[in-house]
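Spelled out, the chains give:
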Amino acid sequence: GAGVSQSPRYKVAKRGQDVALRCDPISGHVSLFWYQQALGQGPEFLTYFQNEAQLDKSGLPSDRFFAERPEGSVSTLKIQRTQQEDSAVYLCASSLDRQGGYTFGSGTRLTVV
Amino acid sequence: DQQVKQNSPSLSVQEGRISILNCDYTNSMFDYFLWYKKYPAEGPTFLISISSIKDKNEDGRFTVFLNKSAKHLSLHIVPSQPGDSAVYFCAASDGSGNQFYFGTGTSLTVIP
């Protein structure tokens, strides 16, 4: 597609519920990133894929967070047993190379109640 | 531990004047820097980049300056336009390319 597409745009989850957030990167972009942006903060790195390989997951805050990209295109970020502190905007980005920067999606705003 | 800092949360500038947004970083291994612009309810949009081998990069009304010794970069917008009103984030990478570290953003308002 023309840009990075994320769904859903908004998600309200009850505490303890599992959620799955989807990212459709730009076709041909081998690198895919997930970032978490809390209110009033800049985006913070969660994890990075090159094709289907998850090369860096150092930013995932706990083992409740899991990301996959099984065929090297669409990626899913899953959060198990959501907590209130998980409330944030989750941004997905893809890129061809570092020089071009990332192209971000519009994000998924997760609210845990 | 914030490695990239934007100490001004907001800035107001008159239309037609220069906007200067500042960013400081602590990690001397950072070698690539980006500026992003973000409108409400949208993801950040890439604006301009600079590599540590340069001290200036220009793209139309936007110029980024890098002072490596001071670990400081700035974004200049000349002339400022009302459509430039947005939140601006600076970001830095250390060469592995795996992640960028973002500042907390500066909200720019350009007054018509």
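Computed from a predicted structure; not experimentally measured.

(A) Geometry of the pairing of strand β9 (residues 88–95) of chain A. Residue and element names in this part refer to chain A. Taking burial as the measure, the eight residues of β9 include eight buried ones, the bulk of the element. Here β9 shows two buried faces, one formed by A88, Y90, C92 and S94 and the other by V89, L91, A93 and S95. Sheet topology note: the strand β4 (residues 31–37)/β9 ladder contains seven bridges and is antiparallel. Among the inter-strand pairings, S31 is bridged to a residue of β9, identified as S95. Bridging between β9 and strand β10 (residues 103–104) involves two bridges; their strand directions are antiparallel. Each residue of the ladder has a partner; that of S94, found in β10, is T103.

(B) Region of the structure containing the pattern of salt bridges. All names here are of chain B. In the structure shown here, the tally under the stated rule is five salt bridges over all chains. Among the salt bridges present, the one from E58 reaches K56, with a minimum N-O distance of 3.9 Å. A salt bridge links R61 to D84; the shortest N-O distance between them is 2.8 Å. Remark: D84 occurs in the loop between β8 (72–77) and β9 (86–93) and R61 occurs in the loop between β6 (56–59) and β7 (62–67); sequence separation between them is 23 residues.

(C) Structural detail: unusual backbone geometry. Residue S7(A) is joined to P8(A) through a cis peptide bond whose omega torsion reads -5°. Within the element layout of this structure, P8(A) appears in the loop between β1 (5–7) and β2 (10–13). Here the amide bond leading from V78(B) into P79(B) is cis, since omega sits at -15°, within 30 degrees of zero. In this structure, K71(B) takes a positive phi of about 50° despite not being glycine.

(D) Broad picture of the interface of chain A and chain B. Each side of the interface is counted separately: chain A has 21 residues, and chain B has 22 residues. Inspection of the region where chain A meets chain B yields zero salt bridges. Linking chain A to chain B there are four residue pairs in polar contact (both at pLDDT 80 or more). Looking at the side of chain A that touches chain B, the elements with two or more residues in it are β4 and β5 (44–50) of chain A.

(E) Quick look at a nonpolar patch on the surface. Together, I18(B), I20(B) and V78(B) make up an exposed nonpolar region whose accessible area comes to about 220 Å². Its location among the elements puts I18(B) in the loop between β2 (10–14) and β3 (19–25).

(F) Examining the side chain of D84(B) more closely. Judged by relative accessible area, D84(B) falls into the buried class, the value being 2%. Each residue touching D84(B), except ones within four places of it in the same chain, is listed here: K37(B), R61(B), F62(B), I77(B), P79(B), L108(B) and V110(B).

Scoring rules and cut-offs
- Residues numbered from 1 in each chain as written.
- Chains lettered and ligands numbered in written order.
- Predicted model: local features only at pLDDT ≥ 70, side-chain atom pairs only at ≥ 80, totals over all residues.
- Heavy atoms only, no water.
- Buried < 20%, exposed > 50% of the residue type's maximum accessible area, 1.4 Å probe, protein only.
- Helix = DSSP H or I, 4+ residues; strand = E, 2+ residues; numbered from the N terminus.
- Pairing = 2+ DSSP bridges.
- Salt bridge = Lys/Arg side-chain N within 4 Å of Asp/Glu carboxyl O.
- Contact = heavy atoms within 4.5 Å.
- Polar contact = N/O pair within 3.5 Å; in protein donor to acceptor, adjacent residues only side chain to side chain.
- Patch = residues over 30% accessible without salt bridge, like charges linked within 9 Å, V, L, I, M, F, W, Y side chains within 5 Å.
- Areas by Shrake-Rupley, 256 points an atom, 1.4 Å probe, with all protein chains shown as cover.

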